[in-house]
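Structural overview for review
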Amino acid sequence: MKQKGYPTVTVLGSTGSVGEQALDVARQTGAAVRALCANRNVRRVEEQAREFRTQACAMADERAAADLRVRLADTGVRVYAGTEGICEMLAASGGGDGVVLNAIIGEAGLRPTLAALEAGARLALANKESLVCAGEAVMALAAEKGIEILPVDSEHCAIFQCLRAGARGEIRRILLTASGGPFYGYTAEQLKEITVERALAHPTWRMGAKITVDSATLMNKGFEVIEAVHLFGVRPEQIEVLVHRESIMHSAVEYTDNSIIAQLSVPDMRLCVQYALTHPARAGAVIPQLDLTALGRLSFARPDTATFPLLRVALEAIAAGGAVPAVLNAANEVAVAAFLDRRLSFCGISELVEEAVSRLRASAAGVRSVPGILECDAQARELAEELLAKRA
Ligand code: NDP
């Protein structure tokens, strides 16, 4: 039955880990789903479109879109093709009272983020790469349109909630928690032996393959620092990364009076999706209750950036500014895909990313426009592929 207070939702990346959990929230709460998009997984999008009786769907892959059109021929569902088609679908839906949840993976989410904002829609953002690549442009467009971006990443959703306890000028620092990934405590020597299977076994979160590898290298935490800088208007030095193995405290804000406000729950992305949909209100739970006595204790430690260099590289990228974070992201996308394809070792990911960033830093640092950023992204991918080929 439809619960009160839920907007109509468009789910981008609906076949992925976050997308499926978003649809589960819609299933549990009766929230209406207006439109969906994915890349190639037509079979699953067809099932979702039928279950939620959506008005429209888009497939980034043109052949998949043609296939979906045939599969949904007996319905009134309009099918769009390509990234252009995703943006067209968002423009056609308009802003209204709906929420667009962007759970596309990677830089591919950037243009849909901009299109959703252009259309005037409230944007629930899981796709952190939009902010990593073009945070200034995304935040400027949101401000111009008077739209508050609703963070879905669990740490940023936590910070967003903690920020209700004080004014922006009262923030001393943000405590951004990190699980530390499956290889916390490993030495550089031990990391040489890491296989794809071991990298995909995250201790506390079930996520898509790319972000699971990013968590294991600490790249994900670097991206999250950049994401927080843009979302919350804080300086990078105001963010402290804390390793918290249990993934129960999802982040915290320390205020000028040294009071720390934290948000805790069981690790479940459905809470983050729900909060983005109901904000500023809260609704009936879609996740289990947290039993603190069953946990007994929570632990905190500093990250090891000597063994896991990508957090440091991310901090250097945001300090360099311009399109350097976009270069970092693009090189990382190529490196992680190569690792998952067994063409690059686990340690090779950070080596390749660091080299690509150091080679393109000077040329990318002054680039601020979205077309310029997309050009730097393409250059970084090309360079990363070349570096990969040399290593083979
Ligand atoms: P998944 O890999 O599980 O899913 C990715 C989704 O994006 C799929 O629906 C995929 O479609 C779609 N997709 C891929 N390429 C394109 C494209 N070019 N155009 C449109 N859609 C595309 O990713 P996750 O759900 O793990 O992550 C999604 C985003 O959320 C990422 O930015 C990640 O960093 C962020 N995030 C994820 C968390 C998690 O728990 N998983 C937690 C916090 C943030 P198809 O199936 O057809 O390939």
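Worth saying up front: this structure is predicted, and the values here are computed from it rather than measured.

1. With respect to the overall build of the protein
Counting its secondary structure elements, the protein contains 17 helices and 11 strands. Its C-alpha atoms give the protein a radius of gyration of 20 Å, near enough to 21 Å, the size a compact globule of 392 residues would have. Once the C-alpha set of the protein is aligned to its principal axes, its extents read approximately 55 × 50 × 40 Å. Here the protein, with 392 residues, has 57% of them falling under the buried criterion. Sequence separation of at least 24 residues holds for 67% of the intrachain contacts in the protein that already meet a minimum separation of 6. For the protein, the computed accessible surface area is about 16,200 Å², with 51% contributed by carbon and sulfur atoms.

2. A closer look at the packing of aromatic side chains
Going through the model one piece at a time under the given rule, you end up with 4 aromatic pairs. When the ring of phenylalanine 183 is compared with that of tyrosine 186, the centres are 5.3 Å apart and the planes differ by 55°; the resulting orientation is tilted. Its relative accessible area of 1% is what places phenylalanine 183 among the buried residues. Assessed through its relative accessible area of 22%, tyrosine 186 is described here as partly exposed.

3. Concerning the sheet that holds strand E3 (residues 56-59)
Taken together, the 7 strands give an open sheet; going across it, the order is E4-E3-E2-E1-E5-E6-E7, and neighbouring strands pair in parallel fashion. Pairing within the sheet leaves two strands with one partner each, and these edge strands are strand E4 (78-81) and strand E7 (150-151). In this structure, strand E1 (residues 9-12) lies alongside strand E2 (residues 33-38), joined through 4 bridges in parallel fashion. Bridge pairing in E2 links valine 11 to leucine 36. Where helix H4 (residues 82-93) meets the sheet, it contacts E1, E2, E3, E4 and strand E5 (99-102), and its direction lies at approximately 135° from that of E4.

What counts and what doesn't
- Residues numbered from 1 in each chain as written.
- Predicted model: local features only at pLDDT ≥ 70, side-chain atom pairs only at ≥ 80, totals over all residues.
- Heavy atoms only, no water.
- Helix = DSSP H or I, 4+ residues; strand = E, 2+ residues; numbered from the N terminus.
- Rg over C-alpha atoms; globule rule 2.2 N^0.38 Å.
- Buried < 20%, exposed > 50% of the residue type's maximum accessible area, 1.4 Å probe, protein only.
- Contact = heavy atoms within 4.5 Å.
- Areas by Shrake-Rupley, 256 points an atom, 1.4 Å probe, with all protein chains shown as cover.
- Phe/Tyr/Trp six-rings, centres within 6.5 Å; stacked < 30°, edge-to-face > 60°.
- Pairing = 2+ DSSP bridges.
- Axes fitted to C-alpha atoms, helices over the stretch in contact; angles between N-to-C directions.

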